[in-house]
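Structural description and commentary
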Amino acid sequence: MGRLTEGEGGFLRPPRWADWLLNHFSPYGLEDELQGDMLEMYTYWVKTVGLSRARWRYVLAVMRLIRPFSRPRTKQRNDYSHPECRTTFILHPDMLRNYIKVAWRNLWRHKLYSLINIGGLALSLTSSTFVGLWVYDERSYDTFHNDADRIYRIAKDFVTRGGARTPDATTPAALVPALQNELPEIQAATRLYPNWGQKYLIKQGDQRFYEEGVYRVDPNFFTVFSFPFLSGNAQTALATPKSIVLTDSAAHKYFGNENPMGKRLTLDANLGDFIVSGVLANIPSNTHFTFDFLIPLRTLGPTLDSNWKTYNFYTYVKLKPNANAESFTTKVQSLVKHHQPDDLNQFYIQPLTRIHLTSKLKWELAPNGDQSYVRILSYVALFVLIVAAINYINLATARAARRAREVGVRKVAGAHRQSLIGQFLGEGVLFALMAGLIAIGLLFLLLPFFNQFVEKQLSLSNQQGWMVSLFVMLLASGTGLLAGIYPALVLSSYEPVQVLKGQNLPSSTFSRLRQGLVTGQFAVSAGLIIGTIIVTQQLHFLRTSPLGFDKEQVMVLPNVGGLTNLDALRQELVALPGVSKTGAASDAIGQTNSTMSMALKGTDKGVTVNFITVDNQGLDVLGIQLKQGRLFSTQFPSDSTTSLLVNETAARHLDLNHPLGSIINTNLQGNYRTVVGVVKDFHYSSLHQTIQPFAFLLGRQNLSNLLVKLNSSNVEATIDAIQHKWDVLVPGRPFSYSFIDERFAALHHADTLFEHIFTGITLIALLIACLGLFALATFMTERRTKEIGVRKVLGASELSIVALITRDFLQLVLLATLLASPVAYYFMSGWLQGFAYKINIEWWMFALAGLLAMVIALLTVSYQSIKAALMNPVKSLRSD
Amino acid sequence: MKRAFLGELEEVVLLTVAALQEAAYCALITQTIDQQMARSISFPTVHTTLQRLEEKGFVSSLMGGATTERGGRQKRLFTVTAAGQRALIECRQMRSQLWDQIPNQIIQLWGA
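The shown structure was predicted, so the numbers you read here are calculated from the model rather than taken from an experiment.

Comments concerning the overall build of chain B
Regarding its fold elements, chain B presents 5 helices and 2 strands. Ordered by position from N to C terminus, the α and β elements of chain B give α-α-α-β-β-α-α. Here the C-alpha coordinates of chain B stretch approximately 55 × 35 × 20 Å along the principal axes. Each of the 112 residues in chain B was classed as buried or not, and the buried ones make up 32%. Contacts in chain B between residues at least 24 apart in sequence constitute 49% of all its contacts with a sequence separation of at least 6.

A look at the domain arrangement of chain A
Domain parsing of chain A yields domain 1 (10–87), domain 2 (148–358), domain 3 (371–542 + 749–878) and domain 4 (559–735). Distance from the C-alpha centre of domain 1 of chain A to the C-alpha centre of domain 3 of chain A: 46 Å.

Digging into the confidence of the model for chain A
Per-residue confidence for chain A averages 83 on the pLDDT scale, and 94% of its residues sit at or above 70. Taken as a whole, residues 73–88 of chain A scores under 50 in pLDDT and shows 15 contacts with residues more than four places along the chain or in a different chain.

Focus: the pairing of strand S22 (residues 672–679) of chain A
Residues and elements named next belong to chain A. Counting buried residues in S22 gives 6 out of 8 residues, a clear majority hidden from the surface. Sheet topology note: the strand S19 (residues 626–629)/S22 ladder contains 3 bridges and is antiparallel. In the strand pairing of S22, Gln628 is matched with Val678.

Some words on the UniProt feature "domain: ABC3 transporter permease C-terminal" (unreviewed entry) in chain A
In the numbering used here, UniProt assigns the "domain: ABC3 transporter permease C-terminal" (unreviewed entry) feature to residues 380–496 and 761–873 of chain A. Along residues 761–873 of chain A one finds 85% helix and 0% strand; the C-alpha atoms at either end are 42 Å apart.

Focus: helix H2 (residues 31–49) of chain A
Its 19 residues place the ends of H2 of chain A 26 Å apart at the C-alpha level, agreeing with the 27 Å of an ideal helix rising 1.5 Å per residue. Those residues of H2 of chain A not exposed but buried are Glu33, Leu34, Gln35, Gly36, Asp37, Met38, Leu39, Glu40, Met41, Tyr42, Trp45 and Val46 of chain A. On its buried side, H2 of chain A packs onto helix H1 (16–25) and helix H3 (51–65) of chain A together with helix H2 (26–36), helix H3 (43–56) and strand S2 (75–80) of chain B.

Considerations on unusual backbone geometry
Residue and element names in this part refer to chain A. The phi angle at Asp142 is positive, at roughly 65°, despite the residue not being glycine. Counting through the fold element by element, Asp142 comes out in the loop between helix H5 (111–139) and strand S1 (151–159). For Asp142, a count of 20 C-beta atoms within 10 Å gives the class buried.

Quick notes on the packing of helix H13 (residues 417–454) of chain A against helix H14 (residues 462–492) of chain A
All names here are of chain A. Relative orientation of the contacting elements H13 and H14 amounts to 150°, with a least axis distance of 7 Å. In terms of their interaxial angle, H13 and H14 are classed as roughly antiparallel. Handedness of the crossing formed by H13 with H14: right-handed. Considered class by class, the residues forming the contact of H13 with H14 number 23 nonpolar, 8 polar and 2 charged.

What counts, and where the lines are drawn
Residues numbered from 1 in each chain as written. Chains lettered and ligands numbered in written order. Predicted model: local features only at pLDDT ≥ 70, side-chain atom pairs only at ≥ 80, totals over all residues. Helix = DSSP H or I, 4+ residues; strand = E, 2+ residues; numbered from the N terminus. Buried ≥ 20, exposed ≤ 12 C-beta atoms within 10 Å, placed from the backbone. Contact = placed C-beta atoms within 7 Å. Domains from an automatic or database assignment. pLDDT = per-residue confidence, 0-100. Pairing = 2+ DSSP bridges. UniProt positions renumbered as here; feature names shortened; annotations may be inferred. Expected span 1.5 Å × (residues − 1). Axes fitted to C-alpha atoms, helices over the stretch in contact; angles between N-to-C directions. Parallel < 35°, antiparallel > 145°, perpendicular 65-115°, else oblique. Left-handed = near helix turned anticlockwise from the far one by under 90°. Nonpolar A, V, L, I, M, F, W, Y, C, P; charged D, E, K, R; others polar.

Following this line, the structure appears as structure tokens:
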């Protein structure tokens, strides 16, 4: 409001700051008259008492007039300004109807904007909610058990005499009886013995299947874990040694629709018959272990309770309420120390609900999730929401000019500012709620596809569906409110006189805000593109980096342990056209391996070494490369008892300066073997882990896996041929197989899933950002039609006009990339920390992301800019 | 009802409003008092006094037209209400009553 100073001599201007004060802090309703009076007084004072005193008096007077020093004493202060305005009621039903009508008309009149706005918000709500569901599911592991916060798993660090530590989830069987007898904090402690890779042949009438999910547990398993029973009950389920509990799906598999209770199931010959004593509801997917059958632990033999040496069991305890978990840890450790003074292992406890995301020990019962994935995806979901909210603000402010006249008319008709703010906020929330409804519909519609995509069984049934719907609606209205605040405040502040004259809308601040928002939007997009590039590169690296052995076309046939006609089978197989050679091994590479403590003879520095036992052909089939010395050979019959192969890392850790001929104590108990060869390091596990010491032993026992190297272009046919031979020669055992390269791919399954989700959500974020940019470009070119017309009349080329419109946007995108790069670098290098073998983040990734963002922005804007450039100026200029 | 008391300052301001007739607004009133009574009452004082008078019902106000000399801003124009008139007359009567009690010769002696 610069009218005070216009047309006056400089000396007649009262002190500016005092003027400002008066302008802003006059008592309500008195601004106008006071300023006018004060201006007159100032002129009068300048004439009568001179300039400096006039200024002084002016300041003094202002000080006394402004709030809070002067307050109108009357209660009816509004009578001073708008005598009849108090009567309007903001929420009058007539007004509400009018608001909704106007909102609806606006929606239909600008169909493109509405579609982009509501559609974009719905899309982002849907995708963020999906990611949210995924995150919620990851975080919900094992929380469904009663008192889950009091349940802990006991784990240990496996410590060698050399001081090497390996975090490990297994515990000895004797731990639970000792705990129950000696520690009063414990309400219940229970043991779990998984199948350890063994497959049980289970028979019931004609039904016979190999089953992996057979766990042996203590009878009090159900006092710690609360898996719900469909039939039977927790107290009696595992009471007798020959009882078996199975899940609903397993029951259907063997018994169809019959009631399985009290029926008989036959397990492998040496276990015998079991009577079904309970049926559990199917195990939810969010547990860190899953099973189909439970049989009593007693089947393992009677001497368990005193065995401290065999680490084959998982121990879970439920503490009493109010028990102190920290002091419990130290008690567990000292209890073990008391029973096993020579044991160096460090015992500790893990909260049950944290196992899935943070544990990652050796011998986990199922692959764990990853905290960092959960965190990154949570942020990504948030970012996608922000992008859609930015769209909303952008488009709403861009459209503000069109609503300005409406605001003017409403104000002239006596609308309060509050009622206008309420109107626009309400409109924002209304549209957002429409988006929310669409999003909920999409959620229910797309859930099966999403489940397939992330390989989870998320459900939106009953209560969960209601919760999610409520959450989406809350999120939607929050977004609508947030996005509506700015337009509401700005629109409602218009002066009716100004907007009704139709000129000089305050648009400069608008465009700066819009630029900021577009930059933010593209910063998010560019950041996500950078993330996608890095994730994709790393995954490509994981898939293609050489493992150090030949993983292609190596088939693993399990269940050959103790097979009497194994040699005959092998001969038959090698005779097949697609098979080149066979070998046998105790374990296949690509899963967790057994370990032993080994030391160089004469030292007692124990080193934890992974090992597998192979036959003479095993290493040849796997294509393990020799560095020095020799592989196992039939020419040295003593290999099976006295020889050892180690990898380079093992040679280094065992301090073998001249490895060949070194004598190693392979179990620290006096089983000495001589190193006959050193093999090159190879990846026997996922690339998350560094290569650890590894050894090969030659042996005839425990060779339960047959490795078959194929040499075939028609793998399918070869597998069929192999199966045929198997069925003929091994009629008692079902045929099953896997491939080494698939086993390795499975190790990086979680990473691949992450890549898919990340890429998917990046695409959605980009799409939403582009929609917003497109609408904005449409709007901007519309507003500049006349300017472009004038430019063309003055001789501008089409190209220069396209450049003019495009340039602004490209600058923003460039800036956005610069802003996003450090943030993306920070997050993605954090993600890469989880890999022992990883790519370097290089500058070209950022450049590529910037380039991609630019190209995408360019394509989005180009349609509008070219359309504007090609328009005939006569059309745009004629209207004036 | 208790008779509304009219303070000295209020009386001066109210009189000025009456004197200025249709054109009485705060700035002019202040200036008039300043010039004619050679007494400098500050603008905010006059402003609050006017508000108080309006509260008591001695003056009423309405917004008047804008003029360029005050930057196009409106004035609040005051007029004396019937109650104000009564109060002024009463005030004047009381004074003249007192005046009347002073013997004429003394007044002459004062040189009035």
